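# Overview (structure and organization)
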Amino acid sequence: MNTVPTPGTPGAGRRVAPVIAPPSLGRRRRPSGEPPPLPRRIDYSTRWYLLLLALAAGFWVALSLRPALGLITRADLTVLRAVATVRSVPLTSVMLHVDAVRSGWTVRLIAWGTIATLVAFRRFRHLAVYLAVFLAAALLDSAVSLEIGRMRPAGIPILGPWQGYAQPSRPVAMLALVLAGALYTLVPAGNWRNRGKLAAAVVLGAVCAARLYLAVDHPTDQVTALILGWSLPVVAFCLAVPTDVFPVSYRRGQRAHLDVGGRRGAAIVSALDHQLGLDVLSVQPFGLEASAGSTPLLLRVRGRGDDHEAVLFGKLYALSHLRSDRWYKLARTVIYGRLEDEKPFSTVRRLVEYEDHLLRLMGDAGLPTPRPYGFAEITPEREYVIVMEFFAGAREMRQAQVDDHVIDDALRVVRRMWDAGVAHRDMKPSNVLVKGSRVLLIDVAFAAVRPTPWRQAVDLANMMLTLALGSTPEHVYQRALRIFAAEDVAEAFAASRSITVPNQLRSLIRADGRDLAGAFRRLAPKRRPIPVQLWDVRRAAITAGLAASLLIAMALLVAYARAAGLL
Amino acid sequence: MRHRLAAQSRACRTRPRVLAAGLAAAGLAAASTLTGCATASDPVPGCGAPLRLAIIAQSVPGASYVPCIRQLPQGWTTSSFDPARGATSFTLNSDRAPGEPVTVRLAAGCRPGRATPSPPRAPGVATYTWLASISPRVTGRLYDVFPGGCVTYRFDFPLGPHIGLMEEFGSAIGLYSRQQLRRTLKQELGVELDP
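Residues numbered from 1 in each chain as written. Chains lettered and ligands numbered in written order. Predicted model: local features only at pLDDT ≥ 70, side-chain atom pairs only at ≥ 80, totals over all residues. Heavy atoms only, no water.

## Notes on the overall build of chain B
Keep this limit in mind: Runs of E in the DSSP output that reach at least two residues are strands. Runs of H or I that reach at least four are helices, and both are numbered from the N terminus. Each residue is assigned to one of three classes by its accessible area relative to the maximum for its type, calculated with a 1.4 Å probe on protein chains only: buried under 20%, partly exposed between the two thresholds, exposed over 50%. Whether two residues are in contact is decided by their heavy atoms, any of which lying within 4.5 Å being enough. Only the protein chains shown count as cover for residues, and all accessible areas are computed by the Shrake-Rupley method using a 1.4 Å probe.
A tally of helices and strands in chain B yields five helices and nine strands. Seen in sequence order, chain B has helices and strands lined up from the N terminus as α-α-α-β-β-β-β-β-β-β-β-α-β-α. For chain B, the proportion of its 195 residues judged to be buried stands at 50%. By sequence separation, contacts in chain B at least 24 residues apart represent 51% of the contacts at least 6 residues apart. Total accessible area on chain B stands at roughly 8,800 Å², and carbon and sulfur atoms take up 57% of it.

## Focus: the side chain of A:Thr220
Residues and elements named next belong to chain A. Quick reminder of the rule: Pairs of N or O atoms within 3.5 Å make up the polar contacts considered here, provided that, within protein, one atom can donate a hydrogen while the other can accept it, and that residues adjacent in sequence are counted only when both atoms are side-chain atoms.
Structurally, Thr220 is set in helix α8 (residues 219–240). Classification of Thr220 as buried rests on a relative accessible area of 17%. Among the polar contacts made by the side chain of Thr220, one reaches the side chain of Arg150 at a distance of 3.0 Å. Leaving out residues up to four positions away in the same chain, Thr220 has contacts with Phe59, Ile72, Asp76, Arg150 and Gln167.

## Quick word on the nonpolar core
Just so we agree on the cut-off: The criterion is simple. A nonpolar core is a set of buried Ala, Val, Leu, Ile, Met, Phe, Trp, Tyr and Cys residues joined through side-chain atoms within 4.5 Å.
In this structure, A:Leu272 and B:Phe169 are the most contacted members of the largest nonpolar core, which totals 128 residues. A per-element tally of this core places helix α5 (residues 124–148) of chain A first, with 13 residues. Excluding residues within four positions of it along the chain, A:Leu272 makes contact with A:Gly277, A:Leu278, A:Val280, A:Leu299, A:Ala376, A:Val385 and A:Val387. A:Leu359, A:Met397, A:Ala447 and A:Leu460 belong to the second largest nonpolar core, which has 62 residues in total.

## Some thoughts on the pairing of strand β3 (residues 309–318) of chain A
All names here are of chain A. Put simply, the test is: Pairing between strands requires that DSSP locate at least two bridges from one strand to the other.
With eight of its ten residues buried, β3 lies for the most part within the structure. Pairing analysis gives eight bridges linking strand β2 (residues 295–302) to β3, with the strands arranged antiparallel. Pairing of Leu298 across the sheet is with Phe313, part of β3.

## Some remarks on the sheet that holds strand β9 (residues 438–441) of chain A
Whether parallel or antiparallel, the strands of a sheet pair through hydrogen bonds between backbone atoms. All names here are of chain A. Sheet architecture is open: three strands sit in the order β6-β8-β9, paired in antiparallel fashion. In the strand order of this sheet, the two ends are held by β6 (395–396) and β9, each with one partner. Of the pairings in the sheet, the one linking β6 to strand β8 (residues 432–435) comprises two bridges and is antiparallel in character. Residue pairing in the sheet places Glu396 in a bridge with Leu433 of β8.

## As for helix α5 (residues 178–188) of chain B
Residues and elements named next belong to chain B. Heads up, the rule is: The directions considered for the arc are those from the helix axis to the C-beta atoms.
Within α5, the full set of buried residues consists of Arg178, Leu181, Thr184 and Leu185. Angular distribution of buried residues about the axis of α5 spans 120 degrees; they occupy a single face of the element. Set apart from the buried face of α5 by more than 90 degrees, the exposed residues are Gln179 and Gln187. Each element contacted by the buried residues of α5 is listed here: α3 (50–59), β1 (65–69) and β9 (173–177). Sitting at the head of α5, Ser177 places a side-chain oxygen 3.2 Å from the backbone nitrogen of Gln179. Gly190 occupies a position one or two residues after α5 and carries a positive phi of about 75 degrees.

## Brief notes about the confidence of the model for chain A
The condition is simple: You can read pLDDT as the predictor saying how much it trusts each residue, on a scale of 0 to 100.
For chain A, mean pLDDT is 86; residues scoring 70 or higher make up 89% of the total. Here residues 1–18 of chain A is modelled with pLDDT under 50, and outside its nearest four sequence neighbours on either side it reaches 34 contacts, counting other chains as well.

## Digging into the confidence of the model for chain B
Residues and elements named next belong to chain B. When the pLDDT values of chain B are averaged, the result is 81; 78% of them are 70 or greater. Taken together, the stretch residues 1–20 has pLDDT below 50 and engages in 73 contacts with residues farther than four places along the chain or on a different chain. Scoring the predicted complex yields pTM 0.67 and, for the interface, ipTM 0.79.

## Digging into the pattern of salt bridges
Residues and elements named next belong to chain A. Note the threshold: We define a salt bridge as a side-chain nitrogen of Lys or Arg found within 4 Å of a carboxyl oxygen belonging to Asp or Glu.
A full pass over the atoms with the stated rule returns 30 salt bridges over all chains. Linking Arg302 and Asp279 is a salt bridge whose minimum nitrogen-to-oxygen distance equals 2.8 Å. With Arg302 in strand β2 and Asp279 in the loop between α9 (262–276) and β1 (280–285), this residue pair connects regions lying 23 residues apart in the sequence. Take Asp279: its relative accessible area is 32%, and that puts it in the partly exposed class.

## Quick word on the state of the cysteines
All names here are of chain B. What counts, and what does not: By convention in this document, the label disulfide applies to cysteine sulfur atom pairs within 2.5 Å.
Within this structure, the stated rule accounts for two disulfides over all chains. Residue pairing for Cys47: its cysteine sulfur links by disulfide to Cys68, the two sulfurs lying 1.9 Å apart. Taking the sign of the S-S torsion, 95 degrees for the link of Cys47 and Cys68, the bridge is right-handed. Here Cys68 lies in strand β1 and Cys47 lies in the loop between α2 (17–35) and α3, a separation of 21 residues in the sequence. Among the residues examined, Cys68 registers a relative accessible area of 0% and is labelled buried. Shown here is the disulfide that connects Cys110 with Cys150, its sulfur atoms set 1.8 Å apart. What sets the handedness of the Cys110 and Cys150 disulfide is the S-S torsion sign, and at about 85 degrees it is right-handed. Taken together, the residues span a long stretch of sequence, with Cys110 in the loop between β4 (102–107) and β5 (116–118) and Cys150 in strand β8 (residues 149–158) at a distance of 40 residues. Of the residues examined, Cys110 reaches a relative accessible area of 26% and is grouped as partly exposed.

Here you go:
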């Protein structure tokens, strides 16, 4: 390979002094048995709902015993006979109209409306829980109904329409299910949800009263239906998407991120104090609109002096981010081919460990990356916060003046990465900051150690394109020849093509209008393009598998909707 | 400041969440298929389970008989049991007539029309048979008419095995007397079937 020696790096190494106070007395080891900062917990109301579900299950068992069934049926009929004493023609007409509220169309309308809204607001975690609980409730209702096989109220004229066995009352269960589902996935917790609960109670109460009047259901059919239709989704939402962790919010930029207030906010402060010795004064989310792979945080911590504050940068990683990363890499494999190893992380811990490791490794190599301060465990294997230096006073490359000092420093950074055997893999203006005439690199989470030569060449090409946006290809090329051989540049642009350029950089080049890559290719020695492995067996298999999965998914979705009673 | 913060926060990339949601839904749908569609395989009450037959009797309050499964011959299954106000229907499926189940429906009345009388299947029941075609398939209807109700059996069998199939489904379905059902409910649960 044709290269020139690495230029001297007098400023290399640890150039950023620590800005935070020494570890405080807060640092401590969590003893065995002590819960983590943010333990998974089940609140009292959820426990009550679980108890109700258990009681309903016990009641269903009792109904399978002949003596208990007789006793319960006679008690139910006593209530219904008492209700029947107030029957009149006008009242019956009213009750029939009230009962019509629970029609299949009402349930379908609310259910599909909820699903559409969740999709529109990209609240996919809520959507997954909603679909699962809807199916579970529908199947459970059918299974219990078939197992018990209870008749409709006997000995009393039934005035309203009915279908299927009586226990549990399917229309009541389904109506409660869609109302609870809509409330817990669409309505923000607090006053609005409380008002919604009240409205739902009124609707359910009216429908239940009407059906008792019409003698369509036994009272106990409705009680168990309400428990099934309301408690099951509430328990599911409280466990899978707890409000304090996954709040329903319609504020811009918040939906893809975890809430860092409330219990989690306190847990972050406590974890950073106990595990990293950071005296955190405040935790604030910021720049959320630009990120989805983690929840970025601005951490204000106590500095060296009592009245001195320092600012650190943090990223909160959770299981949802890990899953997103897996799908992101799968999509990359399908869309771009296997440009390089894109193995997803197996756990959140692995992901955060890797980023911490990369920060330290790149720091040790003298690269101008944020100084790492370690990471803290919030919920074991589920949530972690990684903390690093915040580059105060730095600007994005596209907003800085790209003079010779900046160009040289930026190219030296690439040269140093080559020497250290690392690749950034996401070189673009927003990840290259400038402070004074110094170039700083951020977002190293997806960097690679011992990358392919092709990837190293792509890093150089992307850095030169980034620099050329604020300068000219000719000037950047001339400065590059002071650090790289002409053949290195030729290799870089032989490796570079549209798909290897990050989206942001590609957009900026398009907006710029100049053929920057073409200009570099004309300047550098001629070299044949390096073939990128666009289609290989793995990519073809994954693409075919994914297409087949989507087709199957569509067919199964129809089956799901039928099974759940949504069609 | 704002730009700098945003820049440093772009540690994360946009993710194809739609894929995740689609696959999650696919998983759920698969689960639903594996667990069996809730309404596709409802068993029809047997003649030996009178408490379960009560709901059929309630669907047609005046019917003096209700259909029930006496014993399913080899190769037959039931599905789509649908008791509702005014009528009850279900289907009988034979592995020798795939895709063409026998549809059984109890209603308050029916119109045998030009159907020819057959030997009655129970006391007080008038049975009729009407054949729409005998080749290439044997299709038609069987009627059990009794006070307050009528059971209609719609069949479509391949020519040849149709004789055995008709005998089998005829013997598989029994008629349970409402009077007997009323007595059983009174004894077992202490309730009256009819108002």
